[in-house]
Amino acid sequence: MILTKEQQAILNGEKGETLAKVMKTLIMYGNAFEAEKLVPITSQYNHLVTSFGLKVMSPVYDLMQQLLEAGVASGQKFSVDPRPLDKNVPASFLQNLVFNKFMYTKQDFYEKQLEELGLMDKDAFSCTCYMDEVGNKPKKGEVLSWAESSAVVYANSVLGARCNRNSGIIDIMGSIVGYVPYFGLLTDEGRKATWIIKVQTSKKPEAQLLGSAIGMKVMEDVPYVIGLDKWLGNELNDSACSYLKDFGAATASNGAVGLYHIANLTPEAVENGEKLIAEGAQEYVIDDAELERVKKNYPIVWKDPDAAPKLCFIGCPHLSLSQLKDWTERIEGSLKNSGKKKIAIPTVLTAAPKVLEKFEKTDYASRLKAMGVITSYICPLMYMNNPLCKKMPVITSSNKLRTYTSAKYYTDDEILHAITNGGK
Amino acid sequence: MKQFQGRVITPGEVTAQAVVTTQGFNTLASLQMALQFGDKDVKCGDQNNEELHGKPLINKALCLPQTIGSTTGGLVLYCACAMKKNPACMLFANHIDSLAAAGAVLSDVWVDGVTMPVIDSLGDEFLSYVKDGMTITVKPGGIVEVG
């Protein structure tokens, strides 16, 4: 890798041993991808994936402490993934005991570290940092050092920013030195599609199911999706962006997609069309039967597959304001049709703190609360990652949550039916 | 015995028994529960990976195409190394992915006293040849012996 004088000086230890190790880490990381240089980060803010003070992750906090003690704080302010705990979310005595006394005992300590390292503000905890309300929305072409798979794929695909699927810790190391290695999704070549996906469904495909099918097929490659604009239109409005947020999260968690192009919709596809498709790209046709096949193949991991659900999570990744309103209306409508006033399964809708703050100012919030629905800023994944929740029948419309936990996946319509009518 | 030539991501020499997955290795889903709740065998917790689910990973030669899933993947691998609960080595058939590379590099630069050789680009033939329980030897220069 060719380094500038400044980069070489940092590597040589002229700005301290710790900064030299940070630089060495980024260079070795880049070397693994034959990166020829480091390029400056150009976004205003960074986004980190590690938001949780898990006792088991002590090596991470020890490393952060090394950075702080060496005085090498992040050059950028940053947002971070959602908090793992919220008293609003139903939990048993035993679960609370495990969460507070065993698992997340480092939470307060780690949040203090984040503040010292450059957290944007005390509410900057969300996987959807790019929502207008949160304020970390990079512009097209900007170079990022983000982690969080769902945020990276959104920033690349919907916003046209340039970011690799960086891991936690690498994310903050980028903004400490101000550079990231130039490879993969930062390059024009790396943004070309090596898969053509033909969507031939008879109705608008479920975002999280379509994303799952594509993720599992293409893994870390870049797909160019044809036929989805028929259902989403040609404008990146609220509805399309919310759909693509959920779709992308599923591609990234069920596979390892960091960038997708949607013909006639996402910025680079609108600009360049099929010139984005690499020579020799493979093809994958998705119709109703293929989506059904994918859904049927999800493993059932509940001890009793017929157990009645005890909890429902909607919002992984966090919901947008329009999605919160939409769910309010849908739940109201479904309850009305079945002659009920309250939901049958405890249900949590999750969104960024600042999105929830805005939602609370609308009349939708009281309507949702009146039906018994809970809102929270929590990370459902962090809530679910313990043996107690493994034994608990939880349902979700998130394919990301399904992938990482024992939660069972339902489509939005199925979830709506379950929470308003009860049953499985 | 068969020999494969790969590319060194992080160096080291080791002999260990193989555990093999032909699908992407989801680092978070595979390791988090085991690390969190002190499973000394570090059994794979990824319910979506039938080949690995429930199998011990500690001190094994993990043979895989690539890693997938959450971008916590690299730091989970880093934590596994810092806690000495890591695989003996990671052997990638494909080019390494960014999350695994991050985990390998972070462990190499920031963790003292732990060596986890990571070799990539071993090719499709490596993954179709190697089977669970085979003895793997990682030699200098990215040479991997399977016997």
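Along each chain, residue indices are assigned from 1 in the same order as the chain's sequence is written. A letter from A marks each chain and a number from 1 marks each ligand, given out in the order of writing. This being a predicted model, a pLDDT of at least 70 is required before a residue's local features are given, and a value of 80 or more before pairs of side-chain atoms are given or counted; all residues contribute to the totals for chains, interfaces and linings. Hydrogen atoms and water are omitted, and side-chain values are computed over all heavy atoms in the structure.

Peer 1: I tried to follow the overall build of chain B on my own but got confused; where do I start?
Peer 2: Helix and strand content of chain B: 4 helices and 10 strands. For chain B, the α and β elements follow one another from N to C terminus as β-β-β-β-α-β-β-α-β-α-β-α-β-β. Viewed in the frame of its principal axes, chain B has a C-alpha envelope of about 40 × 35 × 25 Å. Throughout, a residue-residue contact means that at least one pair of heavy atoms, one from each residue, lies within 4.5 Å. Taking all contacts inside chain B whose residues are at least 6 apart in sequence as the whole, residues at least 24 apart take part in 81%. Charge assignment: positive for Lys and Arg, negative for Asp and Glu; neither His nor the chain ends contribute. Note on charges: their place is set at NZ of Lys, CZ of Arg, CG of Asp or CD of Glu. Looking at charge distribution, chain B has the averaged site of its 10 positive side-chain charges lying 6 Å from that of its 14 negative ones. By definition, any uninterrupted DSSP run of H or I lasting at least four residues is a helix, any uninterrupted run of E lasting at least two residues is a strand, and each is numbered from the N terminus.

Peer 1: Quick question: what am I supposed to make of the layout of surface pockets here?
Peer 2: In this approach the atoms are scanned with a rolling probe the size of a water molecule, which exposes any empty space left behind. Residues and elements named next belong to chain A. Each cavity reported here is a set of points on a 1 Å grid over the protein atoms alone in which a 1.4 Å probe fits but cannot get out, each pocket an open set with protein on both sides within 12 Å along at least five of seven lines, and each lining residue one with an atom within 4 Å of a point. Grid points are joined across faces, edges and corners, and a volume is the space filled by probe spheres set on the points. Its volume calculated, the largest pocket comes out at about 840 Å³. Contributing elements (two or more residues each) for the lining of the largest pocket: helix H8 (207–218), helix H10 (238–254), helix H12 (288–296), strand E9 (311–319), helix H13 (321–337) and helix H19 (412–421). We call Asp, Glu, Lys and Arg charged. Ala, Val, Leu, Ile, Met, Phe, Trp, Tyr, Cys and Pro are nonpolar, and the rest, Gly among them, are polar. Split into classes, the residues belonging to the lining of the largest pocket amount to 10 nonpolar, 10 polar and 12 charged.

Peer 1: What is the right way to look at helix H5 (residues 107–117) of chain A in this model?
Peer 2: Since one α-helical turn is 3.6 residues long, residues separated by three or four positions face the same way. All names here are of chain A. The buried label applies to any residue whose accessible area, calculated with a 1.4 Å probe on protein chains only, is under 20% of its type's maximum; exposed applies above 50%, and partly exposed to all values in between. All of the buried residues along H5 are Gln107, Tyr110, Glu111, Gln113, Leu114 and Leu117. For H5, the buried positions fall inside an angular range of 155° around the axis, keeping them on one side. Opposite the buried face of H5, at more than 90 degrees from it, the exposed residues are Asp108, Lys112 and Glu115. The inward-facing, buried residues of H5 contact strand E2 (46–48), helix H3 (58–69), strand E3 (78–80) and helix H7 (170–177). One or two positions beyond H5, positive phi appears at Gly118, with a value near 130°. The directions considered for the arc run from the helix axis to the C-beta atoms.

Peer 1: Quick question: what am I supposed to make of unusual backbone geometry here?
Peer 2: Excluding glycine, residues mostly have negative phi values, and the peptide bonds linking residues are mostly trans. Residue and element names in this part refer to chain A. Omega for the peptide link from Cys316 to Pro317 comes to 10°, which places this bond in the cis form. In this fold, Pro317 is placed in strand E9. Despite not being glycine, Glu34 shows a phi value in the positive range, around 55°. Within the secondary structure layout, Glu34 lies in the loop between helix H2 (17–31) and strand E1 (38–40).

Peer 1: Hey, could you run me through the interface of chain A and chain B in this one?
Peer 2: The figure often quoted for interface size is the accessible area lost as the parts come together. Chain A puts 54 residues into the contact, and the matching count from chain B is 41 residues. Taken together, both faces of the contact between chain A and chain B bury some 3800 Å²; the carbon and sulfur share is 67%. Throughout, buried area stands for the accessible area (probe radius 1.4 Å) lost by two parts on being put together, summed over both. When the buried area of chain A at its contact with chain B is split by residue, Met28, Val56 and Tyr404 of chain A rank highest and sum to 14% of it. By definition, a salt bridge exists where a carboxyl oxygen of Asp or Glu is found within 4 Å of a side-chain nitrogen of Lys or Arg. Our count for the chain A to chain B interface comes out at 1 salt bridge. The salt bridge involving Arg7 of chain B is made with Glu34 of chain A; its shortest N-O contact spans 2.9 Å. In the analysis that follows, any N or O atom pair within 3.5 Å is treated as a polar contact, provided that within protein one partner can donate a hydrogen and the other can accept it, and provided that, for residues neighboring in sequence, both atoms belong to side chains. Linking chain A with chain B are 20 residue pairs in polar contact (both at pLDDT 80 or more). Residue assignment for the side of chain A that touches chain B shows that the elements contributing at least two residues are H2, H3, helix H4 (93–103), H7, H10, helix H16 (380–384), helix H17 (387–390) and helix H18 (399–404) of chain A. If you tally residues by element for the side of chain A that touches chain B, the top one is H2 of chain A, at 8 residues. For the side of chain A that touches chain B, a count of residues per class yields 29 nonpolar, 17 polar and 8 charged.

Peer 1: Sorry if this is basic, but what is going on with the sheet that holds strand E11 (residues 374–376) of chain A here?
Peer 2: Adjacent strands of a sheet pair through backbone hydrogen bonds, lying either parallel or antiparallel. Residues and elements named next belong to chain A. Note on pairing: DSSP must find at least two bridges between two strands before they are called paired. Strands sit in the order E11-E10-E9-E12-E13 across an open sheet of 5 strands; the sheet is parallel. The strands lining the two open edges of the sheet, one partner per strand, are E11 and strand E13 (408–409). Alignment of E9 against strand E10 (residues 347–351), held across 4 bridges, turns out to be parallel. Directly across from Leu319, in E10, lies its bridge partner Ala351. The strands touched by helix H14 (residues 353–360) within the sheet are E9, E10 and E11, with E11 carrying the most contacts at an inclination of about 140°. Note on method: axes are straight lines fitted to C-alpha atoms, helices fitted across the in-contact stretch only, with angles between N-to-C directions ranging 0 to 180 degrees.

Peer 1: Got a minute to help me understand the environment of Ala365 of chain A in this structure?
Peer 2: Residues and elements named next belong to chain A. Its place among the elements puts Ala365 in helix H15 (residues 363–370). Placed 55 residues apart in sequence, Ala365 and Thr420 show a C-alpha to C-alpha distance of 18 Å. Not counting the four nearest positions on each side in its chain, Ala365 is found in contact with Phe359 and Glu360.

Peer 1: Just checking my understanding: could you explain H15 of chain A for this structure?
Peer 2: Residue and element names in this part refer to chain A. Taken residue by residue, H15 has Tyr364, Ala365 and Leu368 as its buried positions. Projected down its long axis, H15 carries its buried residues within an arc of 105°, all on one side. Residues of H15 that are buried in the fold lie against H13, E10, H14 and E11. Phi for Gly372, located one or two positions after H15, is positive at around 90°.

Peer 1: Which parts of the structure should I look at to understand the packing of aromatic side chains?
Peer 2: Each pair of aromatic rings is reported with the distance of its centres and the angle of its planes. Residue and element names in this part refer to chain A. Pairing of aromatic side chains requires ring centres within 6.5 Å, counting the rings of Phe and Tyr and the six-membered ring of Trp. Pairs whose planes differ by under 30 degrees are stacked, by over 60 edge-to-face, and all others tilted. If you walk through the whole model with that rule in mind, you get 13 aromatic pairs over all chains. Centroid distance Tyr29 to Phe183: 5.6 Å. Interplanar angle 85°. Geometry classified as edge-to-face. Highlighted residues: Tyr29 in helix H2 and Phe183 in the loop between strand E4 (179–181) and strand E5 (193–199), separated in sequence by 154 residues. For Tyr29, a relative accessible area of 0% gives the class buried. We classify Phe183 as buried; its relative accessible area is 7%.

Peer 1: What is the right way to read a nonpolar patch on the surface from this model?
Peer 2: All names here are of chain A. A grouping of Phe93, Leu94 and Leu97 is seen on the molecular surface, where their side chains present a nonpolar patch of about 330 Å² in accessible area. Looking at where Leu94 falls in the secondary structure, it is placed in helix H4. For Leu94, a relative accessible area of 45% translates into the label partly exposed. Only residues whose relative accessible area exceeds 30% and that take part in no salt bridge are eligible for patches, with like-charged residues grouped when within 9 Å of each other and nonpolar side chains (Val, Leu, Ile, Met, Phe, Trp, Tyr) grouped when within 5 Å. Using the Shrake-Rupley algorithm and a 1.4 Å probe, accessible areas are obtained, with residue cover drawn only from the displayed protein chains.

Peer 1: When you look at the domain arrangement of chain A in this model, what are you seeing that I'm missing?
Peer 2: All names here are of chain A. In terms of domains, chain A is made up of domain 1 (5–186), domain 2 (190–293) and domain 3 (311–421). Using only C-alpha atoms to locate each centre, domain 2 and domain 3 end up separated by 25 Å. Opposite the 12 residues of domain 2 that make contact, domain 3 presents 17 residues. Our count for the contact surface shared by domain 2 and domain 3 stands at 0 salt bridges. One can count 8 residue pairs in polar contact (both at pLDDT 80 or more) joining domain 2 with domain 3. For the side of domain 2 that touches domain 3, the elements supplying multiple residues, two or more each, are H8 and H10. With 8 residues, H10 is the single largest residue contributor to the side of domain 2 that touches domain 3. Its residues placed into classes, the side of domain 2 that touches domain 3 shows 3 nonpolar, 5 polar and 4 charged. Those domain boundaries reflect an automatic or database domain assignment.

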